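Spelled out, the chains give:
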Amino acid sequence: MDRKLLSGNEAIARGAYEAGVKVCSAYPGTPSTEIFENLPQYKDSLYCEWAPNEKVATEVAYGASIAGVRSLCAMKHVGVNVAADPIFTAAYNGVNGGFVIVSADDPSMHSSQNEQDNRYYAKAAKIPMIEPSDSQECKDFLKAAYEISEQFDLPVLFRTVTRVDHSKSIVTLGERTEHVAPPYARNTRKYISSPANAYRNHPKVEENLNKLREYGKTCPLNRVEMNGTKIGVVTASIAYYYAKDAFPEDTSFLKLGLTNPLPIDLIRDFASKVDELYVVEELEGFMEEQMHAAGIACKGKELIGNMYELNPQIVKERVFGVKPEITDVGVTAVSRPPALCPGCPHRGFFYTMSKHKNFVIAGDIGCYTLGGSAPLNALDSVVCMGGGFTVAMGMAKAFEAEGVTDKKVFGVLGDSTFFHSGMTGAAEIVYNNGNLIPVVLDNSITGMTGHQDNPGTGFNLRGEIAEKIRIEDVLRGYGYKNVIIVDPQDLKAMEQAVQDAMNSTERAAIIVRRPCLLIKRIKHDIGKCTVDTTKCIGCKKCIGVGCPAILVENKKAKIDHNQCVGCTVCAQVCPMGAISREEK
Amino acid sequence: MTKTKSALLVGVGGQGAILTAKVLVNGLMEAGYDVKMSEVHGMSQRGGSVSTQVLWGEKVNSPVIGYGAADIVVAFEKMEAVRYANFLKPDGIAVINDYEMASSSIAAGLCEYPQGCLEAMESHFKCHVLKAGEIAESLGSAKCMNIVLFGSMVKALGMDKVVDWEDVIARTVPAKFKELNLKAYRAGHDAVKE
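S.K.: So, the overall build of chain B: which residues are in play, and what are the values?
M.R.: The secondary structure content of chain B amounts to eight helices and six strands. Tracing chain B from N to C terminus, the helices and strands come up as β-α-β-β-β-α-β-α-α-β-α-α-α-α. Dimensions along the principal axes, computed over C-alpha positions, put chain B at roughly 50 × 40 × 35 Å. Pairs at least 24 apart in sequence give 65% of the contacts found in chain B among residues at least 6 apart. Chain B carries 20 positive and 22 negative side-chain charges, and their two centres are separated by 4 Å.

This is the structure in structure tokens:
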């Protein structure tokens, strides 16, 4: 058997391949992205794609299930918010081919705007939930998820967390088992979610869940490890391994893989075999609440808390009061916050916006969220994917209602976000006559998640050339008669574009267009900038563009040639003409 | 087999800590250890502080460690050694690249690079300090700095005989950089005194 060190995400991709999955759709989002980045290697056996957003991805995968094949969709935890609509109804309708939705949660918010606990989605949507603890389980449990989906006629929520997705551990690979769809037959009673059908489907969902609850007692994904009768721990996901390291060796474990519906009889039986029972779970007390409700005495959240990632040392400290031996070396490191890369096209845009103190700017999720950081400080809010346009719309309407006239409102989002859920906001602004200027920061890639293609890039997940949807065509089609396209690296042109949009008598939108410098398939114009120290007066205006390549040395600006790419944004803001560019 | 050991590789995004971890992991797997490795992706890739944890032993449970639990910290930048010092066991070892990289907040003049990072580490832990970047440059390319540090780490942990590391490096790095990286490994190894 082939053994490989795989991340959880790589193992999920492998699991989809081995399970005979044929249709896969996703929108990228940390920590889920690498699942789909690892699917094209199996493209001779399965179809995989980047969808414009998570709702689309879920619907595509569910459609494939209705047609009879095994299907997969994957998203980060907040993506499930976007996809929730089809997920809830798919539970009522049920499946034909097995249908699995991967929800990758991000405790501690390494790369997220909140740390919502998506286990509650499984409960609310009335669907089975499976939680793997390591890469081997990511692969094996995913295969089991398809069996469970088909056996109980329900979609399965496959819930991971960052540490499971991004940690690597050793996996024994298996072979692909082909899953052949039965000949397609229309089944309107099952798949048309009309009120009458839905009314009749609800009891079926409850019945399926009851069967699943019964199955949970003997399900091989749940296992008991009896090592003693003093202490017992009920746990799941990565918390299992934290508890294994934190608790004494004679601790017994009920390690759950199928966590919705929670196998409460199994837990009760386990509880009866130990003197003291603990529940170790990250984030909310999802299992503990249900155990308390069932009258099972246990300790968990009162000790462990419901915020941020855990680790063995944290669990040990909170449960047993054993503090880790921390050495204070007496020197404190200063923060090293992420910043827009040297040469990032977003820099020229945000620098321009930062010069106007009357601008109110609603931002969005992506690399350009960093436009809100010092020294650019050019954002008022960031809420969610697609929220840039529409949050700005609400602010503009509020200013109108309050008679505030000295503010100018902008809504800002990226190219991938535009296709994700910015388009509906663009329609809203035209339809309801919003007094604001929508701006698309088009760097021709989905940047923050590590360069995935989208409907505007001209390529698809499988690396093939795809129809390239032009953002300007979409905006013009919506009624933006004045679409201004500008290169943000030219600060004069950038400022002019903003002024032109504000003075436009026709409905205006701005597309700020320059490809991300990290896109490998594009030949970029790379140079390097140098400071003439005889001309530099140390005014630090260049520091104001927030470029990691510029620092102050002996009261003069200095540019690190290892980092500089010669974008000249700093040179354009230098009042002394002290910065010049040469070819690299 | 021993109980689980843990290494923390820290630096700034883009310094090559991932390749170092890969060489380490490949060797440990060949030597028959259970291995787990964890890294943080996402926003931290863009000029931020990055860390990779590698754990090995007969059976590894958690893929991550918390404070006071690392056997060794390999710091690709000296302020990062200080940042992650609280992860080291009191008798832990630090391999530190004597190299200073300003953060964007320092470059912007919002704060200053802390003084005395190396001295602070040396007064609390067993440290091996080297100028890995200069050593790498003298060998032909600053890019092999990560393998210089890897050589020091192997020596510092006394893991020379766990596996034929030169062979592992030769098979892990791109073929055209093989000789350079082997030289880097030896140089890093020899920079650590008993």
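S.K.: Summarise the sheet that holds strand E3 (residues 47–50) of chain A; cite the residues concerned and give the values.
M.R.: All names here are of chain A. What the seven strands build is an open sheet, ordered E3-E2-E4-E5-E7-E6-E12; its pairing is mixed. In the strand order of this sheet, the two ends are held by E3 and strand E12 (258–260), each with one partner. In the sheet, strand E6 (residues 129–130) pairs with E12 via two bridges, with the strands oriented antiparallel. Considered in E12, the bridge of Ile 130 is made with Leu 258.

S.K.: Can you break down the confidence of the model for chain B residue by residue, with the values?
M.R.: Here chain B shows a mean pLDDT of 91. Residues at 70 or above account for 94%. Overall fold confidence for the complex sits at a pTM of 0.96, while the interface term, ipTM, reaches 0.94.

S.K.: I'd like a description of the interface of chain A and chain B, backed by residues and values.
M.R.: Where interface size is quoted, it is often the accessible area lost as the parts come together. Each partner contributes residues to the interface: chain A has 47 residues there, and chain B has 56 residues. In this assembly, chain A packs against chain B so that about 4,300 Å² is buried in total across both faces, 63% of it on carbon and sulfur atoms. Area buried by chain A at its contact with chain B is led by Val329(A), Val334(A) and Arg336(A), which between them contribute 19% of it. Where chain A meets chain B, there are two salt bridges. The tally of links between chain A and chain B comes to twelve residue pairs in polar contact (both at pLDDT 80 or more). Elements supplying a minimum of two residues to the side of chain A that touches chain B: strand E1 (3–7), helix H7 (162–166), strand E8 (168–172), helix H10 (239–246), helix H14 (312–320) and strand E21 (550–553) of chain A. Here the side of chain A that touches chain B takes four residues from H10(A), the largest share from any one element.

Conventions used here
Sequence positions are assigned chain by chain, starting from 1 and proceeding in written order. By the order in which they are written, chains take letters starting at A while ligands take numbers starting at 1. pLDDT decides what is reported in this predicted model: residues at 70 or higher carry local features, side-chain atom pairs at 80 or more are listed and counted, and totals for whole chains, interfaces and linings draw on all residues regardless. Excluding hydrogens and water, the side-chain values take into account all heavy atoms of the structure. Strands here are runs of E lasting at least two residues and helices are runs of H or I lasting at least four, both read from the DSSP assignment and numbered beginning at the N terminus. Should any heavy atoms of two residues lie within 4.5 Å, those residues are counted as being in contact. Under the convention used here, Asp and Glu are negative, Lys and Arg are positive, and both His and the chain ends fall outside the count. The atoms used to mark charge sites are NZ of Lys, CZ of Arg, CG of Asp and CD of Glu. For two strands to be treated as a pair, DSSP must find no fewer than two bridges joining them. Values of pLDDT, which run from 0 to 100, indicate the predictor's confidence residue by residue. Here's the idea: put two parts together, see how much 1.4 Å probe accessible area each one loses, and the total over both is what we call buried area. We define a salt bridge as a side-chain nitrogen of Lys or Arg found within 4 Å of a carboxyl oxygen belonging to Asp or Glu. Pairing of N or O atoms within 3.5 Å defines a polar contact, subject to two protein rules: one partner must be a possible hydrogen donor and the other a possible acceptor, and residues neighboring in sequence count only if both atoms are side-chain atoms.

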